[in-house]
Structure formats: C-alpha cells, structure tokens
Amino acid sequence: MSGEPLIFEIKRNSLDDGPGIRTVIFFKGCPLSCPWCQNPEGRRPRVDISFDRKKCIGCKTCIKVCKKSALDRHPQYFIEREKCDLCFECADNCPTGALARVGRHIPVQEIVDSVVRDIPFFNTSGGGVTLSGGEATLFMPYASSLLQALKLNGVSALLETCGHFDFDAFDELMYPWLDAIYYDLKILDPEWHRKICGVPNDRILANFERLHARALKGGVPVLPRIPLVPRLTAVKPNLRALAAYLKKHRVKKLSLLPYNPLWQDKMIMVGMPGAYEQAGWMPERDIKLCRSFFKRFELV
C-alpha cells in the first residue's frame, strides 16, 4: 500500500502479544474485514476520530468549536461523519480526551528511541517488540526499516499477521529480521472465508504453508492461531477442517483465542456499525468443546 503508514497505538508493558514483556506497535489498515475484529479502529488505513462517551463530561466545548456542525449529543455515534472534515479542532479542545485522533505517522527513529528504553525489561523477560494492527505487512518498506533498526539495537521482533500479503516482498523486506510469527488462521473453507472475512484465503494458506515448511527446517518459528468466534469460526465443521489441515502440514503447536467482546464498544467509538453481535465472553464449556478438536496438538 502506498503512502505513509499510520500507527494508532504503541502499547508498552504488554503480556498478551508474545513472550515476555513487550511493546506492541499497532498499524492502521487491514486487507480483511472480519466482523469480530478486536481492533476496529485499526481497520481503515486513514486517520479517524473517535468519541468515548464514558469520558465525556457534557461541557459542549467541542460543539462550540466545530465549524461543520458535525457534533450532536443525541445520535448514537455523536459525530455526524458525513459532515466531519477531520479538522480535529474538537479533539484538540476536548478537556477530557473523549474526542481523539486515531492514527498518526511516526518516524521509525522516534519509535526506536522509545523502544530502546525498555531493553532491560525485554532482556530480563525474554520479550521484545510485536508488530500488530491492523496489518503491518501492508506497509512493508516502513516495517522493514523498523525491523532492521530494532535488530541493530538487539531487540527481538515478532509479527502478528492475517497472512494476506505478497510472499516475495515479505521474504525480502520483513522475514530476515523477524524472530517469530504469529499467524492467524480463521476459516478453512474458501467461500465461507471470503463471505465472512471479505477476501479468499488461498494466499493466506499458501503463505502459511511456505513459512511453516521453513520453520520445520530451522527457519523463523510460526505459531498458528485460531480465533474462536461463536457461529463463525467456532463451529464444528470449521474446527474439524482446521485440525485436519494443521495435522497434514505437521503442525505441533497452536494457539486458540477465545472470543473477546470488548471490541464492540470500540466499534461505536469510531462510528462503525457492527455486522456481528455476541454479548459476553465465551463460556468455558464452549471453549472446552473447541479444544477437544485439537487434542493431538500442544496448545499454547
């Protein structure tokens, strides 16, 4: 993708995106459109504005400064986005941060300068930096520069990816400087994948097979991850098919990601109506049933 990449969050001291203590760099933009996306604010590759109703104190400062009359306390999303020109005067004047810019370009060196402060924590815990999103592989030249700079500073780097990328470009620009890859496999049936996630999965599966084959020969470790989404991915035919596929390709370890409903509030904050609703966390009995399809694998 052309243009400068946008980063919508840099999360320090993370324990959920790889081993040890990590700093996670969240890229904005994704080629998939999964309706359960955990980071919906990262789906669009452009700057957005968000509104957090919980932080709003009703001072109406934003309404007074908005020249487009794009703010209204009554509609669900507060911001009438067809009127908003993203001038961000409302966000700049909001005293509580209820209105905020989502996404900004950050020079590679600025990120590196921030990350190196945490090298003692990385070294002690076996941690490092994780590139996440959105999808970092949409911006390979930038990601490559960042990975190389991290490597020069002795920082381990992990990629979380949906797998939908050009393999040759990835092989040249990102693969040589990665220490691990977390690879999401959501739906095996190609038509169901296209219908639910917006794109076919042939490239995703082909890329996984090539990377895993290398890992078996001593290349960068690849950990497949399966999100467990009620009625979409966590259904018996899909789980059975994924288990057979992974066994065929001699996968030993994988990770199951139980459904997390916290993304729904974020969808409202960035004005994106949800196409999928599932209230509450996934019950333990349902998680246990999903795990039963992967008894022959080491679950991590």
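About the thresholds
Residues numbered from 1 in each chain as written. Predicted model: local features only at pLDDT ≥ 70, side-chain atom pairs only at ≥ 80, totals over all residues. Heavy atoms only, no water. Helix = DSSP H or I, 4+ residues; strand = E, 2+ residues; numbered from the N terminus. Areas by Shrake-Rupley, 256 points an atom, 1.4 Å probe, with all protein chains shown as cover. Lys, Arg positive; Asp, Glu negative; His and termini not counted. Charge placed at Lys NZ, Arg CZ, Asp CG, Glu CD. Buried < 20%, exposed > 50% of the residue type's maximum accessible area, 1.4 Å probe, protein only. Arc of directions from axis to C-beta. Contact = heavy atoms within 4.5 Å. Domains from an automatic or database assignment. Expected span 1.5 Å × (residues − 1).

Caption draft 1: Here's a closer look at the overall build of the chain. For the chain, the count of helices and strands is 11 helices and 10 strands. Overall, the chain is about 60 × 45 × 35 Å in size when its C-alpha atoms are taken along their principal axes. Surface exposure of the chain reaches about 14900 Å², of which carbon and sulfur atoms provide 53%. Of note, the chain has its 43 positive side-chain charges centred 6 Å away from the centre of its 33 negative side-chain charges.

Caption draft 2: View of helix H3 (residues 108-115). Taken together, the buried positions of H3 are occupied by Val108, Ile111, Val112 and Val115. Projected onto a plane normal to the axis of H3, the buried residues spread over an arc of 100° and lie on a single side. Residues of H3 that are buried sit in contact with strand S1 (7-14), strand S2 (22-27), helix H4 (119-125), strand S5 (128-132) and helix H5 (140-152).

Caption draft 3: Examining the domain arrangement of the chain more closely. In terms of domains, the chain is made up of domain 1 (7-34 + 110-258) and domain 2 (48-102). Look at where the C-alpha atoms of domain 1 and domain 2 centre, and you get two points 34 Å apart.

Caption draft 4: Region of the structure containing H5. Between its first and last C-alpha atoms H5 spans 18 Å; for 13 residues at 1.5 Å apiece the expected length is 18 Å, and the two agree. Those residues of H5 that fall on the buried side of the exposure criterion are Met140, Tyr142, Ala143, Ser144, Leu146, Leu147, Ala149 and Leu150. Among the residues trailing H5, Gly154 stands out with phi positive, at a value near 75°.

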